[in-house]
Number of protein chains: 2
Amino acid sequence: MIKTKAYAALTAKTQLVPYTFERRDPKEHDVVIDIKFSGICHSDIHTARDEWGNSPIFPLVPGHEIAGVVRSVGAKVTKYKVGDKVGVGCMVDSCRTCPQCKQDLEQYCDEGFTGTYGVPERDGSGSTQGGYSDVIVVNEDFVLRIPDNLPLDKAAPLLCAGITLYSPLTHWKAGPGVKVGIMGLGGLGHMGVKIASALGADVTVISHSEKKRDDATKLGAKNFIMTKEEDAFTKNANTFDLIINTISSADLDLASYLGLLKQDGTMVSVGVPDKPIALNVFALIMKRRTYAGSLIGGIKETQEMLDFCSKHNITPEIELINPSQVNEAYERVLKSDVRYRFVMDMSKL
Amino acid sequence: MIKTKAYAALTAKTQLVPYTFERRDPKEHDVVIDIKFSGICHSDIHTARDEWGNSPIFPLVPGHEIAGVVRSVGAKVTKYKVGDKVGVGCMVDSCRTCPQCKQDLEQYCDEGFTGTYGVPERDGSGSTQGGYSDVIVVNEDFVLRIPDNLPLDKAAPLLCAGITLYSPLTHWKAGPGVKVGIMGLGGLGHMGVKIASALGADVTVISHSEKKRDDATKLGAKNFIMTKEEDAFTKNANTFDLIINTISSADLDLASYLGLLKQDGTMVSVGVPDKPIALNVFALIMKRRTYAGSLIGGIKETQEMLDFCSKHNITPEIELINPSQVNEAYERVLKSDVRYRFVMDMSKL
């Protein structure tokens, strides 16, 4: 067994604390990864506090934006070798046989993919534990290669925030001539602006915060809609082919935002509100609009995303912190007080 | 002016009563149509009672499922001649210049299409009045040709119920190998079953009423899901490529129905609830499902639909009544006590 240092939530009601536990010894197809950097995702907070009602297993080590270096590999590993720069995202396994897994869309696995933390391992050997730790053991099929030109600290958030935006942007064909709106400029949204711009789309940030206007432009957006302006929704009605909705609040006048879509336009939610959202169906019917959801991305497209970011030199804006600052960072994430992603330096554990 | 006999709602709070008014004399491009049959659509009731909050103009003559014979034509009419079998649906005009009109999707006109009843005429000459009358005057571009083999009484409901289902079924590519669910077996739903079956799709009716099971089969459905069965939603999860939702109630556990869709499946609402519906976004995100809306269809595709129904001998199931029974028919529609569409014989006015 591999002794592992970490930060964990011992219960849903307590702050994260230093914690040690043991990882399994590598099986034939496992890769042992020395974790160098670990991003903090809003989902980590929802899960550590059990706010989504999916009953994660405690003690819980969150973290699914993991970047590190291969320490050792199992006997039959062919994809990676010691010293490789690698990453792990939100999934560490899936059934591999259902229609979705066969299509490289493991995130939609019929049995439910095995999340990187808080769920039972498929072999029954306890629960998965995430990246707020110094080492992780993952089957090679769920390990990603981090291209050389991407620094590990900045690469970490690509494994969740990056793929969460890349997948819907490419699936719904953001590109030249396509008007894309990004709702919300946070950890997810700012990656959306960078990726959509690199794909050649005409990008607008849709935000309630005037303070984000300059950043939107710096990140690559051509336009900015300040939703608190009185005529924001009427003036910009029927404008977008595609809107990516990164706002996870249910207290949103969804129909007004849907009204920003052109005929046959699509809004894709990638954030999950903690309660149902009220939808006026008229907003869809009047222009044959669609409202969709998208969940991270498959392993194959996550590698494509990393290679795309390498080619276009895309990395997130990060604030590097020590693991001991994790609880403070959580509070700041909840106040949207981060530009735009916290990444922990796990060498400081 | 053309003296016209009709049934009208004088106010939103009163029953329909006999009413006479004058239609305009035909302009150069107008067709004067002797109305033979007029279908009763649930929308007529919503509008006559002003339940959608769109303030129709009273007195109001409802009716947008109109079948008749050309009485006379304006000087420059080229498309129709006296004696032709014709129909009029939900629209009698549109701006004709916006992107949607240019694409033959007048129903999504940027200025709002001119509805067949209850709205101002584009030339400022009063308000439109619908098909619960013995004659109507409509610009030739918004008149449809009814193929010879379709009887006029049964053709009438095609102009709304028929196109409302045909448009999303063809837009979202119902056809061989495609599993289609039709939610609700009423005036709209039963047309969906017939059209989707004729398109070659594998059709299932999804209903809360066991009484509809036999009809579903007779209409062409291969399967039937009785939603009140305890395991209906779990047993049939991830089944459909396309679901057409004809249920206009907002008191619906939408997430359960969305769960019936496969990965990348689409639900299309064609009924409009009178209040926002609660949507659990998880149901979309977990399989990249989409939820869309669709509104009737353009004039060009309405003609395509009529020709398709002619070719496949598709007509609705109707109950023929006299115009004097209209108020009683409304009450029965509200109780879903009609199989499946009331059509009024306007010769009995």
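Residues numbered from 1 in each chain as written. Chains lettered and ligands numbered in written order. Predicted model: local features only at pLDDT ≥ 70, side-chain atom pairs only at ≥ 80, totals over all residues. Heavy atoms only, no water.

Some words on the relation of the copies chain B and chain A
Here comes step 1: When chain B is brought onto chain A, the operation consists of a screw motion whose angular component is 180° and whose axial shift is 0.0 Å, with 0.0 Å RMSD remaining. Taken together, the rotation angle and the small translation identify this as a two-fold axis.
Here comes step 2: When the interface residues of chain B are mapped onto chain A, 100% of them are again interface residues, pointing to one common binding face. (Least-squares fit on C-alpha atoms with pLDDT ≥ 70 in both. Contact = heavy atoms within 4.5 Å.)

A few points about the state of the cysteines
By definition, a disulfide links the sulfur atoms of two cysteine residues through a covalent bond.
Here comes step 1: Taken as a whole, this structure holds zero disulfides over all chains when the rule is applied.
Here comes step 2: Left without a disulfide partner, Cys309(B) is nearest to the cysteine sulfur of Cys160(B), which lies 13 Å away. (Disulfide = S-S within 2.5 Å.)

Some words on the sheet that holds strand β16 (residues 290-293) of chain B
Here comes step 1: In spatial order, the strands read β12(A)-β11(A)-β10(A)-β13(A)-β14(A)-β16(A)-β16(B)-β14(B)-β13(B)-β10(B)-β11(B)-β12(B); together these twelve strands make up an open sheet with mixed pairing. With partners counted over all chains shown, the strands left at the sheet margins are β12 (223-226) of chain A together with β12 (223-226) of chain B, one partner each. Going from strand to strand, the sheet's axes swing by 20° on average, the running direction of each strand aside.
Here comes step 2: One ladder, built from four bridges, connects strand β10 (residues 179-183) of chain B with strand β13 (residues 240-245) of chain B; its direction is parallel. Each bridged residue has a counterpart across the sheet, and for Ile182(B) the counterpart in β13(B) is Ile244(B). (Pairing = 2+ DSSP bridges. Helix = DSSP H or I, 4+ residues; strand = E, 2+ residues; numbered from the N terminus. Axes fitted to C-alpha atoms, helices over the stretch in contact; angles between N-to-C directions.)

Structural notes on helix α5 (residues 187-198) of chain A
All names here are of chain A.
Here comes step 1: For α5, spanning twelve residues, the distance from its first C-alpha to its last is 17 Å, which sits close to the expected 16 Å at 1.5 Å a residue.
Here comes step 2: Taken across its twelve residues, α5 has ten buried, putting it largely inside the fold.
Here comes step 3: For α5, every residue scored as buried is listed here: Gly187, Leu188, Gly189, His190, Met191, Gly192, Val193, Lys194, Ile195 and Ala196.
Here comes step 4: Packing partners of the buried residues in α5 comprise α4 (161-171), β10 (179-183), β11 (202-207), α6 (213-219), α10 (299-311) and β18 (341-345).
Here comes step 5: Just downstream of α5 lies Gly200, where phi reads positive at about 95°. (Expected span 1.5 Å × (residues − 1). Buried < 20%, exposed > 50% of the residue type's maximum accessible area, 1.4 Å probe, protein only.)

Remarks on the pairing of β12(A)
Residue and element names in this part refer to chain A.
Here comes step 1: Of the pairings in the sheet, the one linking β11 to β12 comprises four bridges and is parallel in character. Bridge pairing links Thr204 to Asn223 in β12.
Here comes step 2: Following the chain from β11 across α6 to the adjacent parallel β12, one finds a crossover that is right-handed. (Right-handed = clockwise from strand over helix to strand, strands pointing away.)

Some words on the domain arrangement of chain A
Think of interface size as the accessible area that goes away when the parts come together; that is how it is often given.
Residue and element names in this part refer to chain A.
Here comes step 1: Partitioning chain A into domains gives domain 1 (2-160 + 317-348) and domain 2 (162-293).
Here comes step 2: Relative to domain 2, the C-alpha centre of domain 1 lies at a distance of 28 Å.
Here comes step 3: On the domain 2 side, the residues contacting the ten residues of domain 1 number 16 residues.
Here comes step 4: Each partner contributes to the roughly 1200 Å² buried at the junction of domain 1 and domain 2, and carbon and sulfur atoms together form 47% of this total. (Domains from an automatic or database assignment. Buried area = accessible area lost by both parts, 1.4 Å probe.)

Section: the interface of chain B and chain A
Here comes step 1: With 37 residues of chain B at the contact, the number on the chain A side is 37 residues.
Here comes step 2: Regarding the contact of chain B and chain A, the summed buried area is about 3200 Å², with carbon and sulfur atoms giving 65% of it.
Here comes step 3: At the junction of chain B and chain A, the tally comes to two salt bridges.
Here comes step 4: Across the pair Asp110(B) and Lys287(A) runs a salt bridge, and its minimum N-O distance is 2.8 Å.
Here comes step 5: Our count for the chain B to chain A interface comes out at 13 residue pairs in polar contact (both at pLDDT 80 or more).
Here comes step 6: Elements with a contribution of two residues or more to the side of chain B that touches chain A: α4 (161-171), β14 (261-269), β15 (277-279), α9 (282-285) and β16 of chain B.
Here comes step 7: The element contributing the most residues to the side of chain B that touches chain A is β16(B), with four residues. (Salt bridge = Lys/Arg side-chain N within 4 Å of Asp/Glu carboxyl O. Polar contact = N/O pair within 3.5 Å; in protein donor to acceptor, adjacent residues only side chain to side chain.)

Brief notes about the pattern of salt bridges
Here comes step 1: Scanning the entire structure with this criterion turns up 52 salt bridges over all chains.
Here comes step 2: Lys76(B) is the partner of Glu28(B) in a salt bridge, and the nearest nitrogen-oxygen pair spans 3.6 Å. On the criterion of sequence distance, the pair formed by Glu28(B) in the loop between β2 (16-23) and β3 (30-39) and Lys76(B) in the loop between β4 (66-73) and β5 (85-88) is long-range, its members being 48 residues apart.
Here comes step 3: Glu28(B) sits in the partly exposed class, given a relative accessible area of 42%.
Here comes step 4: Across the pair Asp141(B) and Lys79(B) runs a salt bridge, and its minimum N-O distance is 2.5 Å. Of the two residues, Asp141(B) sits in the loop between β8 (135-139) and β9 (144-145) while Lys79(B) sits in the loop between β4 and β5, which places them 62 residues apart along the sequence.
Here comes step 5: Through salt bridges that share partners, Lys79(A), Asp93(A), Arg96(A) and Asp141(A) make up one connected network.

Thoughts on the nonpolar core
Here comes step 1: Core analysis: the largest hydrophobic core is formed by 229 residues, its most contacted members being Ile40(A), Leu169(A), Ile40(B) and Leu169(B).
Here comes step 2: Apart from the residues lying within four places of it in its own chain, the contact partners of Leu169(B) are Ala174(B), Val180(B), Gly192(B), Ile195(B), Ala196(B), Leu199(B), Leu242(B) and Ile244(B). (Core = buried A, V, L, I, M, F, W, Y, C linked by side-chain atoms within 4.5 Å.)

Thoughts on unusual backbone geometry
Here comes step 1: Of the consecutive residues Arg339(A) and Tyr340(A), the connecting peptide bond is found in the cis state with omega at -5°.
Here comes step 2: Here Phe58(B) and Pro59(B) are connected by a cis peptide whose omega angle stands at -5°.
Here comes step 3: Mapped onto the elements, Pro59(B) comes out in the loop between α1 (42-48) and β4.
Here comes step 4: Phi is positive for Asn313(A), close to 50°, though the residue is something other than glycine.
Here comes step 5: Relative to the assigned elements, Asn313(A) resides in the loop between α10 and β17 (318-321).
Here comes step 6: Relative accessible area serves as the criterion here: at 60%, Asn313(A) is assigned to the exposed category.

Remarks on the packing of α4(B) against helix α5 (residues 187-198) of chain B
Residues and elements named next belong to chain B.
Here comes step 1: Where α4 contacts α5, the axes come no closer than 8 Å and their chain directions differ by 50°. As judged from the angle between their axes, α4 and α5 are oblique. As α4 packs across α5, the resulting crossing turns out to be right-handed. For the pair α4 and α5, contact is made by Ala161, Gly162, Thr164, Leu165, Tyr166 and Leu169 and by Gly187, Leu188, Met191, Gly192, Ile195 and Ala196, respectively. (Parallel < 35°, antiparallel > 145°, perpendicular 65-115°, else oblique. Left-handed = near helix turned anticlockwise from the far one by under 90°.)

Observations regarding the packing of aromatic side chains
Both the distance between ring centres and the angle between the ring planes are used here to describe each pair of aromatic rings.
Here comes step 1: Applying the stated criterion across every chain yields a total of ten aromatic pairs over all chains.
Here comes step 2: For the pair Tyr19(A) and Phe21(A), a centre-to-centre distance of 5.7 Å together with 20° between the ring planes defines the contact as stacked. (Phe/Tyr/Trp six-rings, centres within 6.5 Å; stacked < 30°, edge-to-face > 60°.)

Description of the side chain of Glu301(A)
Here comes step 1: Among the structural elements, Glu301(A) can be located in helix α10.
Here comes step 2: Summary of buried charges: Glu301(A) has no salt-bridge partner, and the nearest side chain of opposite charge, Arg288(B), is 4.9 Å away.
Here comes step 3: Dropping the residues within four chain positions of it, Glu301(A) is found in contact with Leu105(A), Gln107(A), Ile163(A), Tyr166(A), Ser167(A) and Thr170(A). (Lys, Arg positive; Asp, Glu negative; His and termini not counted.)

With respect to the packing of α4(B) against helix α10 (residues 299-312) of chain B
All names here are of chain B.
Here comes step 1: Contact geometry of α4 with α10 gives a least axis separation of 10 Å together with a crossing angle of 100°. Considering their axes alone, α4 and α10 lie roughly perpendicular with respect to each other. On the side of α4, the interface is formed by Gly162, Ile163, Tyr166, Ser167 and Thr170, while α10 contributes Glu301, Thr302, Glu304, Met305 and Phe308.
Here comes step 2: Looking at side-chain class alone, the contact of α4 with α10 contains four nonpolar, four polar and two charged residues. (Nonpolar A, V, L, I, M, F, W, Y, C, P; charged D, E, K, R; others polar.)

Looking at the environment of Leu105(B)
Here comes step 1: Mapped onto the elements of the fold, Leu105(B) is located in the loop between α2 (99-102) and β7 (114-115).
Here comes step 2: The exposure class assigned to Leu105(B) is buried, which follows from its relative accessible area of 9%.
Here comes step 3: Along the chain, Leu105(B) and Ile296(B) lie 191 residues apart, while their C-alpha atoms are 9.7 Å from each other.
Here comes step 4: Setting aside residues up to four positions removed in sequence, Leu105(B) forms contacts with Gln263(A), Arg288(A), Gln100(B), Gly298(B) and Glu301(B).

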